Number of protein chains: 2
Amino acid sequence: MSIDQRNPPHRQTPFAYVDMGRLQRNLARMQTVAVQHGVALRPHIKTHKSIEIAELQLALGAIGITASKPSEALPFIRAGVPSLLLAFPVIEAKRLRPLLALANEHGTAITFILDSEAGADALAEAAQQAGRIIDVHIKIDVGLGRIGVLPTSPALTSLGEAVARNPKLRLTGLISHAGHGYGATSPSVLAEIARRERMLMLESRERLAPLDLPLRLTVGSTPTVLATEDFSGIDEIRPGNYALFDLTAQRLGVAIEDEIALCVVATVVSRNSQHYIIDAGSKALTSDLGPHSSGGLAGFGRVLLADGHDIGSRLTVSRLSEEHGFVPREDTDLPIGTRFLILPNHSCPVVNLYDRLVISDSPEEDLTVSARGALI
Amino acid sequence: MSIDQRNPPHRQTPFAYVDMGRLQRNLARMQTVAVQHGVALRPHIKTHKSIEIAELQLALGAIGITASKPSEALPFIRAGVPSLLLAFPVIEAKRLRPLLALANEHGTAITFILDSEAGADALAEAAQQAGRIIDVHIKIDVGLGRIGVLPTSPALTSLGEAVARNPKLRLTGLISHAGHGYGATSPSVLAEIARRERMLMLESRERLAPLDLPLRLTVGSTPTVLATEDFSGIDEIRPGNYALFDLTAQRLGVAIEDEIALCVVATVVSRNSQHYIIDAGSKALTSDLGPHSSGGLAGFGRVLLADGHDIGSRLTVSRLSEEHGFVPREDTDLPIGTRFLILPNHSCPVVNLYDRLVISDSPEEDLTVSARGALI
C-alpha cells in the first residue's frame, strides 16, 4: 500500500479517522526522543482529548499530562492520570474549585501556571479554600508574544519573589511554549527558535537563583522539540500535536506525510465542470490554516484517495461551505461516490469538532473525545 | 445601554451567549418578510442546531425546517417538527434508512434533494426499502458552482424526466442556494444575485413544464432573501443565519450590529505590551473568515466590552491559538479580568463548537445544541 492509498474503515462519511498504527509509532517516536535526551515527557492532550490515547502515552513512559483548561483536565483526572499540569493562566479562584476537589479525591499531582499577580492571588485564594499548598510554574514568554513574563523583565523577579513569599504557593518551575516556531519558514529557523527557547529558559532560572529554589524547566511544542538536539538543563517536554501530526508538521519538516495519523474521510457527492463536491465542509475540517494563525499551506486539506484508486496527482480542498467542500478536479475524472481521505492543516481543532474518533469498522471501538464542548 | 455595552450573564468564560431578545426580534423580522411577500418560511436549522429555537420559529409561522444532513435532521424529527427538507444530496440509500424510519414513526413530511442519477437511484432504493414514495426537489446551481444542475443544461431536463418516470419518486420542486451572495461586495451586487437566482429558478421550472407537474420553487440564504423585494413565482424561502446573524451579515448590509444575537464571552487573562490575551481561541471562535470561504472581514471577531466599560474604540481579535486569542490593545489600557464580548465572523460554525448555548445566569436555562458531533 503506497502512502497515497490508505484504507480507512467503511463508515458513513464524514468522519475523523485515526490510524492506530501511525499513532502508536508517533507516540513511540516522541518517547524515544525523551528517553534519549533524558527529559521527562508530559504530553499535551489538547490534540486528541482522548483518555484512551493518554493511557497509551502513559504506558509508554509519559510522567503525566498537560491540559489547557479546567474543563479539559477534569475527565483525565477522573480517569486516573497520576500528574497534571494545567498550562493556562487561571485568574479566578472559583474556576479551580472543582478541579482541586477532584484532584484531591483522585490523588492527582497538579501544577498550575501564572504570569501575573492577579494569577498568583487567584491561585493562593484557591489554595486557601482547598486547605492545601499549590505547586506553580511561572510562564516565560520566549517569543510568541502571548502569555508569560519576559526573561529579562523586572516582572520575572518580582513575580518570583511574590510567589516564593506566598505561604499557599510553592514555586516549582518555569514553563514556556515557543508557538512562534509554527511560523518558521525553514528547519534552520525552527532550530534557532528552539535553541533560543532553551537559552531564555536557562537565563530565566538563573535570574531566580537568589530564591534558592529547585526550579524545573518545562518547554513545549512538537516542532521545537523535534527540531532540537540539545536539551541540556531542560527537565521536561510538553509536545501535543505529535500524536497525530498534520500538514503543518510536514511543512515544518518535523513529520513526513506517512506519519500523519488523522484524516477526515469524505465522499464525492456531486461534481461539476470545475470541482468535486464532498460531504466535508468547515464543520468537518475547520477553516484552520495552521496553529497560532500560522499559514503557508494551500487550501483546507490535502486529498488522498481511499480504496486503491490512483490518480497520479494531488488534489486539495480549496473552499469550504459548512457541510460541503470544494476540490478542484485538476486533470482527474472520478465518479460520484469516490471516497477521499483528507489530511488536515491542523489536527487539534479538527478533533475538537467530533464526539468520537473512528479507528475501525466497528463503532464499539471508536475513541471518545472526552474533553470538548464543556462549559465549565 | 449602548450597543457597545451589552450585559451578558456572569458564567465561566469562554461561552457562547445568545441574546434571546435579539434572537426573537430576528425571528419575527424574517417571518414578517415571508408573510409580506406571501412565501412560506422553512428556516435552515444548521445555524442554531437547537430544538428550542426551531420551536420558536415554528410558533411564529415557519412551515417546517431545513436540515443539512441526516445526523442533523434526526433530533428535530424526534422533537416533532411537522415537515423537514434535507438539503443535502444523499447518494447512498443506507444513509436514509434511520431517517425514513424515524420520519414514518413521527408522521414527519420529508423532502429530499438530488442533482444526479446516482442520487435518484439512491433515493429510489431507499423508497423501495421503506415501502413508500419519496418527495424530491432537484437542486439548481444558480451560480455558487457547488452542487446542482445548471438551469440551461440538458442534465436538468434529463434528470427531471428520469425522476418523473421513477415510480418510487415524486418530483415536487426545485431548490437553490445562492451562497455566492456571501461574496458580494455591495448591496447592489447582492440584490442582483438574488434577482438572478429568481430568474434562473423560474426558467428552470419553465424548462420542466412538459412534465406537467406542480413544482415548488424554494430559495435560500439569509443575505439574498433580505436583499430582494420581488419574490414573484417563489414559493418558499430557507434562510438560516438570520436567527443569530454575525459580522458577515453586517458586512453585507442585511443586519446591523445591534441585531447580532450570538457572541462569545471571554476574559482577559493576560496582557503584554502589544496584546490583551483572552481565554477564547480557535476552539471557542473558529478560524472561519466567512461563509463559503468568503472574506472581507478583518481578524477573527470584533470585540465589544461587557460590564459597562467604555473605551471609545473598537478592538479586534487578530490571531488565534487554540485556547487563547490575541487582541491588539490599540490605545486602550484595560486590566486583567476584563470581560470581552466577541461578535463572530460567522455564527454557524461557532455554534457547532458548543454543546450548550448560554442565555442567562442559570445553567438550567442553557439551550442544547442538539445536532452536532454525531457520526451517523
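Each value, and the rule that gives it
Residues numbered from 1 in each chain as written. Chains lettered and ligands numbered in written order. Predicted model: local features only at pLDDT ≥ 70, side-chain atom pairs only at ≥ 80, totals over all residues. Least-squares fit on C-alpha atoms with pLDDT ≥ 70 in both. Contact = placed C-beta atoms within 7 Å. Domains from an automatic or database assignment. Helix = DSSP H or I, 4+ residues; strand = E, 2+ residues; numbered from the N terminus. Nonpolar A, V, L, I, M, F, W, Y, C, P; charged D, E, K, R; others polar. Pairing = 2+ DSSP bridges. Axes fitted to C-alpha atoms, helices over the stretch in contact; angles between N-to-C directions. Left-handed = near helix turned anticlockwise from the far one by under 90°. Buried ≥ 20, exposed ≤ 12 C-beta atoms within 10 Å, placed from the backbone. Arc of directions from axis to C-beta. Right-handed = clockwise from strand over helix to strand, strands pointing away. Core = buried A, V, L, I, M, F, W, Y, C linked by C-beta atoms within 7 Å.

All right, on to the relation of the copies chain A and chain B then. For these two chains of identical sequence, chain A goes onto chain B by a turn of 180 degrees and a shift of 0.0 Å along the axis, with RMSD 0.0 Å. What we have between these two chains is a two-fold relation. Of the C-alpha atoms belonging to chain A, the one lying closest to the rotation axis is found on serine 287 of chain A, 2.7 Å away. A share of 100% of interface residues in chain A that are also interface residues in chain B marks the association as one of identical surfaces.

Okay, the domain arrangement of chain A next. Residues and elements named next belong to chain A. If you check the domain split of chain A, you get domain 1 (21-243) and domain 2 (261-368). Once you take the C-alpha centre of each, domain 1 and domain 2 turn out to be 33 Å apart. Listed per partner, the contact involves 14 residues of domain 1 and twelve residues of domain 2. With three residues, the top contributor of residues to the side of domain 1 that touches domain 2 is helix H1 (residues 20-37). Across the side of domain 1 that touches domain 2, the residue classes break down as three nonpolar, seven polar and four charged.

Pairing between the strands of a sheet comes from backbone hydrogen bonds, and it takes one of two forms, parallel or antiparallel. Residue and element names in this part refer to chain B. Taking strand neighbours across the sheet as the criterion, the eight strands line up as S2-S9-S8-S7-S6-S5-S4-S3 in an open arrangement whose pairing is parallel. On the outer flanks of this sheet lie strand S2 (40-41) and strand S3 (65-67), each paired with one strand and no other. Sheet topology note: the strand S4 (residues 83-86)/strand S5 (residues 109-114) ladder contains four bridges and is parallel. Bridge pairing links leucine 86 to phenylalanine 112 in S5.

All names here are of chain A. Across the sheet, eight strands lie side by side as S2-S9-S8-S7-S6-S5-S4-S3; this open sheet has parallel pairing. Of all strands in the sheet, those with a lone pairing partner are strand S2 (40-41) and strand S3 (65-67), marking the two edges. Pairing of strand S8 (residues 216-220) with strand S9 (residues 236-238), which is carried by three bridges, proceeds in the parallel orientation. Note that in S9 the partner of valine 219 across the bridge is isoleucine 237.

All names here are of chain B. Running from N to C, helix H1 (residues 20-37) and helix H2 (residues 51-60) point in directions that differ by 40 degrees, and their axes come no closer than 10 Å. The element H1 and its partner H2 pack so that their crossing is right-handed. Along its contact with H1, which presents Leu27, Ala28 and Gln31, the element H2 presents Leu56, Gln57 and Leu60. Across the contact of H1 with H2, the residue classes break down as four nonpolar, two polar and no charged.

It is worth spelling out helix H4 (residues 97-106) of chain B at this point. All names here are of chain B. Those residues of H4 lying buried are Leu99, Leu100 and Ala103. Buried residues along H4 cover an arc of 95 degrees about the axis, so they all sit on one side. Where the residues of H4 are buried, they touch helix H3 (70-78), S5 and helix H5 (117-130).

A few words now on the pairing of S5 of chain B. Residue and element names in this part refer to chain B. Counting buried positions along S5 gives five out of six residues, so the element sits mostly inside the fold. Taking the sense of rotation as the criterion, the β-α-β connection linking S4, H4 and S5 turns out right-handed. Inspection of the sheet shows S5 paired to strand S6 (residues 134-140) by four bridges, in the parallel sense. Of the residues in S6, the one forming a bridge with threonine 111 is aspartate 135.

This part is about the nonpolar core. In a soluble, globular protein the nonpolar side chains are often hidden away together inside. Formed by 243 residues in total, the largest nonpolar core has its most connected members in Leu86, Leu123 and Ile342 of chain A together with Leu123 and Ile342 of chain B. Beyond its immediate stretch of four places on either side in the chain, leucine 123 of chain B contacts Phe112, Leu114, Ile134, Val136 and Leu169 of chain B.

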